Structure formats: C-alpha cells, structure tokens
Amino acid sequence: MANVTGGMDTKAHFLDMKRQGRPIAVLTAYDFPTAKAEATAGVDLILVGDSVGTNLLGYASEQEVRLEDIVHHVRAVRRGAPQTPILADLPYRTYETTDAAVANAQVLRAAGADMVKFEGARPDIAAALAAAGIAVCGHLGLEPQTHTDKRLRGRTAEEAARLLNDAVALDKAGIAMLVLELIPEEVAARLARAIAAPTIGIGAGRFTDGQVLVVTDLLGLTGTRFRHNRRYADLAPLIETAVSDYVRDVRSHAFPTAANSFAMPKDARLAFESSDG
C-alpha cells in the first residue's frame, strides 16, 4: 500500500476502512526482520506495543518499559516496514499530563510512528494529542499497564455501560482508533456501532472493525496458550531443535565442514606457508 505519513492521513485511512467494512489486520512487531515479513504479508498496521517488555526484553511487567525502549524498537520496525503505518505505545507514566503526552508522542513520531496509543479513559489526553496533529489510539477493557489482574472486563451491565461511555468520550475527543482488550463480544459490538473510530479487538470477539494479536503468541514463541489467541505456527520447539542440533554439531566437529569454509588461492597459500611469519 502507499506510504501513510502524518497523523491526520493515518486517521483518515483507517476511518475509510471502517466505513467501507474492510477488516483491519493489526499485528505487533518489535524488530526489522519481523516487520519486513509483516509488511510483505500485507498487515495493515504494525503495533510496537509495550508487550515488547515481557515478550522480548525479559521485563516482569509492562510497567518496566521505558520510552527509550519503544523508540528503539519503532526505529527498527520502521526500517523493516518503510511503507506500513506504525502504531506505538506510550509507556506507563509517560502521559500523566497533557503536556507530557504530547511531548513524548512527538518523540515516538520522530522515531517513525504514525500513531500513538495510551490506556484508559482519558479524553483530555486524546484531545491534546489530536489538537497537536497526532493520530491517537485509545485502549479500553483490560489495561495491561495498570491492571494486575488479567481478567475479562465489562462482564456486568455497569462495567459495560462504563466502557460504552468511555468509548464515546474518547471518540468525541478525536481518537483515530480504539483497542478493546478482553471484553465480551456483545459489548465490543455495541462499542463498534456507537463510535466513528474503528475498533480493534484482542479477546473482544468477532464484531470489532479489526483484530490485533501479539506476534510471539501467533508464532507459538510464548508458553502460555491464551483463549483469545490463535497459534498460526509453533516455532518454539523448532528453534530449540535447531539450536540443539547446532550445539551437537559444533561439539562433535560436524560443523563447520569444508563446504562452510574458505580457502586461499594456491599461490597465496604456498607463499604464506613458506614465509618466516
């Protein structure tokens, strides 16, 4: 697809997809080769999420992720996917005020992000980012940065009504997109109809305007099997087998072989062998 540059262009692009009824395929990526593969495969939007912390950096929680972590990975993803829109997470405590949110979002934009995402019912943050010309994505339901109990949200009528009100408030504030995580699909369907911005579900059922998964979950690189995820590959055992085979071959002198080695030209070798050095 053509390069989408600038916050407002990105917003319009995905609004058009919603209006046309075209499902939006979103997937996380954190590095150059994964981003390149996703771009080639036709992913509509790449999320450089704070899930990088627990899935790639070995952090105990998303709260440990810093702005510089996201910047580093956004740059790598942008190099791998120069023409694919990138959504980048504002990490924990980087949007405590509207000024901080705008300043930190500008850092992510400079690194290559087309849109930024924050968690929670903060229409003031959404409005400030939109006013600064930055495409912004909200995130409701399970909020990984602050919710320590990773459970379904919106199961009661009261919780569902609160999610609906929060979604409408964010939409009025100018969000370009809304991620809905771990909520009943009936609630997600109602929210998708109630707001203009496209909704992207993760564990939110079949009736959102698009879907997002964590790429390490999709590829089977994480041990946990989440109900909301579908494993399209199971790479962890393949990687372990390949590494084990490599270690075995090195230790048994089966690798490298002559086919993996390089030789000098004969004249150079003879001269080298006869030298005093």
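The numbers attached to residues start from 1 for each chain and follow its sequence in the written order. Owing to the predicted nature of the model, reporting of local features is limited to residues with pLDDT of at least 70; listing and counting of side-chain atom pairs is limited to 80 or more, with chain, interface and lining totals taken over all residues. Calculated side-chain values reflect all of the structure's heavy atoms, with hydrogen atoms and water omitted.

Two aromatic rings from Phe, Tyr or Trp, using only the six-membered ring of Trp, form a pair when their centres are within 6.5 Å; if the ring planes differ by under 30 degrees the pair is stacked, by over 60 it is edge-to-face, and anything between is tilted. Using the criterion set out here, one finds 2 aromatic pairs in the structure. Considering the side-chain rings of Tyr246 and Phe255, the 6.1 Å spacing of their centres and the 65 degrees angle between planes classify their relative orientation as edge-to-face.

This paragraph deals with the packing of helix α7 (residues 157-173) against helix α8 (residues 185-194). Helices that pack against each other are described as a pair by the angle of their axes relative to one another and the distance between those axes. Remark: α7 packs on α8, axes separated minimally by 10 Å, with the N-to-C direction vectors making an angle of 25 degrees. When the axis of α7 is compared with that of α8, the two are roughly parallel. The two elements α7 and α8 meet at a crossing, and its hand is right-handed. Of the residues in α8, those in contact with Ala160, Leu163, Leu164, Ala167 and Val168 of α7 are Val187, Arg190, Leu191 and Ala194. Grouping the amino acids of the contact of α7 with α8 by side-chain chemistry returns 8 nonpolar, no polar and 1 charged. An axis is simply a line fitted to the C-alpha atoms; with a helix, the fit covers only the stretch in contact. Between two such axes, the angle follows the N-to-C directions and lies from 0 to 180 degrees. Numbered from the N terminus, helices here are DSSP runs of H or I no shorter than four residues, and strands are runs of E no shorter than two. Oblique is the label for any angle not covered by the other classes, which are roughly parallel (under 35 degrees), roughly antiparallel (over 145) and roughly perpendicular (65 to 115). Left-handed is the label given to a crossing in which the near helix is rotated counterclockwise from the far helix by less than a right angle, and right-handed is the label when the rotation is clockwise. Only heavy atoms enter the contact rule, under which two residues are in contact if any of them lie within 4.5 Å. Asp, Glu, Lys and Arg are counted as charged, while Ala, Val, Leu, Ile, Met, Phe, Trp, Tyr, Cys and Pro are counted as nonpolar; the rest, among them Gly, fall into the polar class.

Tracing the chain through its elements places Thr216 in helix α9 (residues 215-218). Summary of the burial criterion: residues with accessible area below 20% of their type's maximum are buried, those above 50% are exposed, and those between are partly exposed, where the area comes from a 1.4 Å probe applied to protein chains only. Under the relative-accessibility criterion, Thr216 is labelled buried at 6%. Think of a polar contact as two N or O atoms within 3.5 Å of one another; within protein, one of them needs to be a possible hydrogen donor and the other a possible acceptor, and neighboring residues in sequence only count if both atoms come from side chains. Looking at Thr216, its side chain comes within polar contact range of the side chain of Asn55, at 3.2 Å. Aside from chain neighbours lying at most four places away, what touches Thr216 is Asn55, Leu221 and Thr222.

Glancing now at the sheet that holds strand β4 (residues 115-117). A pair of strands is labelled paired if DSSP reports no fewer than 2 bridges between them. Taking strand neighbours around the barrel as the criterion, the 8 strands line up as β1-β2-β3-β4-β5-β6-β7-β8 in a closed arrangement whose pairing is parallel. Shown here is a sheet whose adjacent strand axes are inclined to one another by a mean of 25 degrees, direction ignored. Strand direction decides the pairing type here: strand β1 (residues 24-28) and strand β8 (residues 210-213), joined by 4 bridges, are parallel. Looking across to β8, one finds that Ile24 is bridged to Gly210.

Counting through the fold element by element, Val74 comes out in helix α4 (residues 67-80). In this structure, the C-alpha to C-alpha distance between Val74 and Pro33, residues 41 residues apart in sequence, is 13 Å. In this view, Val74 contacts Val48, Ile86, Ala88, Leu108, Ala111, Gly112 and Ala113; residues no more than four positions away in its chain are not counted.

The subject of this paragraph is the pattern of salt bridges. If the charged atoms of two oppositely charged side chains come close together, the side chains can form a pair. Think of a salt bridge as a Lys or Arg side-chain nitrogen and an Asp or Glu carboxyl oxygen that are within 4 Å of each other. As enumerated under the stated definition, the model contains 14 salt bridges in all. Asp209 is paired through a salt bridge with Lys18; the nearest N and O atoms lie 3.1 Å apart. Of the two residues, Asp209 sits in the loop between β7 (199-202) and β8 while Lys18 sits in helix α1 (residues 7-19), which places them 191 residues apart along the sequence. Judged by relative accessible area, Asp209 falls into the buried class, the value being 16%. The exposure class of Lys18 is buried, given its relative accessible area of 17%.

Before going further, it helps to examine the nonpolar core. In terms of nonpolar packing, the biggest core is built from 54 residues, with Ile70, Leu108, Phe118, Leu129, Leu178 and Leu180 touching the most fellow members. Contacts of Leu180, omitting those with residues within four sequence positions, involve Leu140, Ala188, Leu191, Thr199, Ile200, Gly201, Ile202, Ala204 and Thr208. Residues belong to one nonpolar core when they are buried, are Ala, Val, Leu, Ile, Met, Phe, Trp, Tyr or Cys, and are joined through side-chain atoms within 4.5 Å. The next biggest cluster of nonpolar side chains, apart from the first, holds 16 residues, and it includes Met17, Leu45, Ala176 and Val212.

Right, let's get into a nonpolar patch on the surface. Taken together, the side chains of Leu221, Ile239 and Val243 present a nonpolar region at the surface, about 240 Å² in accessible area. Topologically, Ile239 is positioned in helix α10 (residues 235-251). Its relative accessible area of 44% is what places Ile239 among the partly exposed residues. In this scheme, patches are assembled from residues that exceed 30% relative accessible area and form no salt bridge. Like charges are connected within 9 Å, while nonpolar side chains (Val, Leu, Ile, Met, Phe, Trp, Tyr) are connected within 5 Å. Working definition of accessibility: Shrake-Rupley area with a 1.4 Å probe, residue cover restricted to the visible protein chains.

So, about the packing of α4 against helix α5 (residues 98-111). Across the interface, α4 lies against α5 with an axial gap of 8 Å and an inter-helix angle of 25 degrees. Judged by the angle between their axes, α4 and α5 are roughly parallel. Taken as a pair, α4 and α5 cross one another with a handedness that is right-handed. Taking contact as the criterion, the partners of Leu67, Ile70, Val71, Val74, Arg75 and Arg78 in α4 are, on α5, Asn104, Val107, Leu108 and Ala111.

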